[in-house]
Amino acid sequence: MASRSRGGFDPRILVVDDDSSHRITLARHLRSSGFQVESVDSAEAALQVLSGFQPEIVLTDIRMGGMSGFDLLRKIRDTQFDSDVIMVTAFEETQGVIDAMQIGAYDYLVKPLDLDRLDESVGRCMEERRARTGSSAEAGDYERTAVPSPELVGRDGKMLEVFKLVGMVSKSHATVVVRGETGTGKELVAKTIHANSHYPEEPFIAVNCAALPDTLLESELFGHVKGSFTGAVQDRRGRFELAGRGTIFLDEIGDTSPAFQSKLLRVLQERTFTPVGGEETRTTHARVIAATHRPLESLVEKGEFREDLFFRLRVIEVPIPPLRERREDIPLLAEHLLDRACRELGKAVTTIPTEVMAELVSRPWPGNVRELENTITRAVVMAKGSAVTLDALEDAVPKTDDLAAYRESTLEAVEAAHVQRALARAAGNKSATARTLGISRPRLDRMIEKHGLHV
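Residues numbered from 1 in each chain as written. Predicted model: local features only at pLDDT ≥ 70, side-chain atom pairs only at ≥ 80, totals over all residues. Heavy atoms only, no water.

(A) Focus on the side chain of arginine 23. Its location among the elements puts arginine 23 in helix H1 (residues 20-32). Excluding anything up to four places from it in sequence, arginine 23 contacts Val15, Asp17, Asp18, Ser39, Val40 and Asp41. (Helix = DSSP H or I, 4+ residues; strand = E, 2+ residues; numbered from the N terminus. Contact = heavy atoms within 4.5 Å.)

(B) Structural detail: the sheet that holds strand S6 (residues 176-179). One open sheet holds the 5 strands; their spatial order is S7-S10-S13-S6-S14, and the pairing between them is parallel. Pairing within the sheet leaves two strands with one partner each, and these edge strands are strand S7 (204-208) and strand S14 (316-319). With direction set aside, neighbouring strand axes in the sheet form an average angle of 20°. Each of S6, strand S13 (287-292) and S14 touches helix H6 (residues 157-169); the most contacted strand, S14, lies at about 155° to it. (Pairing = 2+ DSSP bridges. Axes fitted to C-alpha atoms, helices over the stretch in contact; angles between N-to-C directions.)

(C) Up close: the nonpolar core. Counting 32 residues, the largest nonpolar core has Leu221, Phe240, Leu250 and Phe305 as its most contacted members. Breaking this core down by element, the ones donating at least two residues are S7, helix H8 (214-222), helix H9 (239-242), strand S10 (247-251), helix H10 (258-270), S13, helix H11 (296-301) and helix H12 (307-313). Ranked by the residues each element gives to this core, the list is headed by H10, at 5 residues. If near-sequence neighbours (up to four positions away) are discounted, phenylalanine 240 is found in contact with Leu221, Phe222, Ile248, Leu264, Val267, Phe273, Thr284, Ala286 and Val288. Of all hydrophobic cores here, the second largest spans 24 residues; its members include Leu337, Val361, Ala383 and Val388. (Core = buried A, V, L, I, M, F, W, Y, C linked by side-chain atoms within 4.5 Å. Buried < 20%, exposed > 50% of the residue type's maximum accessible area, 1.4 Å probe, protein only.)

(D) Main features of H10. The end-to-end C-alpha distance of H10, which contains 13 residues, comes to 18 Å, matching closely the 18 Å that a straight helix rising 1.5 Å per residue would cover. What H10 keeps buried is the set Phe260, Gln261, Leu264, Leu265, Val267 and Leu268. Projected down its long axis, H10 shows its buried positions confined to an angular sector of 160°, all on one face. Turning to H10, the residues buried within the fold contact H8, H9, S10, strand S11 (272-273), S13 and H12. Backbone geometry just after H10 places arginine 271 at a positive phi near 60°. (Expected span 1.5 Å × (residues − 1). Arc of directions from axis to C-beta.)

(E) The packing of helix H13 (residues 330-345) against helix H14 (residues 354-362), seen in detail. Following both chains from N to C, one finds H13 and H14 inclined at 115°, their axes separated by 10 Å at the closest point. In the packing of H13 onto H14, the handedness of the crossing is right-handed. Within the contact between the two elements, H13 uses Ile330, Pro331, Ala334 and Glu335 and H14 uses Met357, Leu360 and Val361. When its residues are assigned to classes, the contact of H13 with H14 shows 6 nonpolar, no polar and 1 charged. (Left-handed = near helix turned anticlockwise from the far one by under 90°. Nonpolar A, V, L, I, M, F, W, Y, C, P; charged D, E, K, R; others polar.)

(F) Structural detail: the confidence of the model for the protein. Averaged over every residue, the pLDDT of the protein is 81; the share at 70 or more is 84%. Scored below 50 in pLDDT, residues 134-149 shows 40 contacts in the model against residues more than four places distant or in partner chains. (pLDDT = per-residue confidence, 0-100.)

(G) Expanded view of the sheet that holds strand S4 (residues 84-89). The strand order across the open sheet built from 5 strands is S2-S1-S3-S4-S5, with neighbouring strands paired in parallel fashion. One side of each edge strand has no neighbouring strand; the edge strands of this open sheet are strand S2 (36-40) and strand S5 (107-110). Strand after strand, the sheet turns through a mean of 20° between neighbouring axes, direction not considered. When strand S1 (residues 12-16) meets S2, the two strands line up parallel, connected through 5 bridges. Paired with isoleucine 13 across the two strands is valine 37, which belongs to S2. Strands in contact with helix H2 (residues 43-53) are S1, S2 and strand S3 (57-61); relative to S1, the strand with the most contacts, it is inclined by about 170°. The sheet contacts of helix H3 (residues 69-78) involve S1, S3 and S4, and relative to S4 the element is tilted by about 175°.

(H) Seen up close, the packing of aromatic side chains. One pass over the structure, following the stated rule, counts 6 aromatic pairs. Here phenylalanine 222 and phenylalanine 240 contribute two aromatic rings whose centre-to-centre distance is 5.9 Å and whose plane-to-plane angle is 20°, an arrangement assigned as stacked. One end of the pair, phenylalanine 222, is in helix H8; the other, phenylalanine 240, is in helix H9, and 18 residues separate them in sequence. By relative accessible area, which is 4% here, phenylalanine 222 ends up buried. For phenylalanine 240, a relative accessible area of 1% gives the class buried. A ring pair is formed by phenylalanine 222 and phenylalanine 260, whose centres lie 6.4 Å apart and whose planes are at 20°; its orientation type is stacked. Here phenylalanine 222, found in helix H8, pairs with phenylalanine 260, found in helix H10; they are 38 residues apart in sequence, far enough to count as distant. (Phe/Tyr/Trp six-rings, centres within 6.5 Å; stacked < 30°, edge-to-face > 60°.)

(I) Fine view of the pairing of S6. Both faces of S6 are covered, namely the face carrying Val176 and Val178 and the face carrying Val177 and Arg179. In this structure, S6 lies alongside S13, joined through 4 bridges in parallel fashion. Each bridged residue has a counterpart across the sheet, and for arginine 179 the counterpart in S13 is threonine 292. Pairing of S6 with S14 involves 4 bridges; the strand directions are parallel. When the bridges of S14 are listed, valine 177 appears paired with glutamate 317.

Shown next, in the form of structure tokens:
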């Protein structure tokens, strides 16, 4: 995450958490990203250092002894400190999200904290602070922080087609819909399109449409005026306005309501919107990239998704294949994710042995690349030496014969994974594999060819 200013001044973050290990980990990570960081163990201590430290961002836990993170957020808003607040909690509560956003939090993250997710949130926040001041990339207080360098990885033919589509659509301003199962990397594809667009220096702003109810979603995207609802203590610019000529990424667009869809359709058709509670119409120049894991065609047939919005979004469609359909990319992805996990965790696990890699390739991965990433990260944590072991891997993921691991897989995917696993355990010996599976050698050859398996 690039966060340093041009004048040698590092933006400041105040970390507030009564869990010392979590507080130290966050402070160390943020310092390594180029921020000045102060950390305290209570909201009361945070209030004592706010005026002197003057942080751009306050990253605070919610449930602490004494004042809560909500209390701290209210104090910051009431005293008009120019700090954005990101709430962090181990308790995923719908009402907590609503309360935090209504009081004026910038974002709401759930423990265990994904450091990539934290980087994205902090990056977007710093970018939007720059946008609020009206400063330019050349004359502003901060360098760009919105979009980390995209890390699309793959050489499978299906992924090459994705890369080609990205290359073709990036320089246009056409609306794009990215489709794929959960965990396939839809946001990463959207970031890559943005990074290769005519305006890569403009903000990339991601909004999870499924995470907010309609009223808050409208406020997030279109902004609101003071007094338009409880907690609207001041005017707030929405994401479409803050994005400038950049990109608005609408994740899980298939989960929005028809009422919201009609308002989004107006934005796409007329490039205008009205803040919640306001009367003044405003114009947006932002590009829209939407994403969904749901079958929009079926939702249209059921009347759950507007047909006119469907066609307006689907100017260009980028389908992302599930990981089970691009197994030859698993070794490449595993090595890439291993390197990143080691950098983030400060460990020196440098090797994935052949038998471990074979096991990774053989698994069905219903959670796709995100599941593989979590598996590699946990395996690195469990590793006792410089290599990922099968024991560490088994501790990191469910057993392959656990039916829960297959709950989102097709029958063919389960068959392919089973045969690949048998091949790996027989060290590629086809005769031994056929005996283990109780089938003939010719039938095994046909199955290997059918599924494109590695021998």
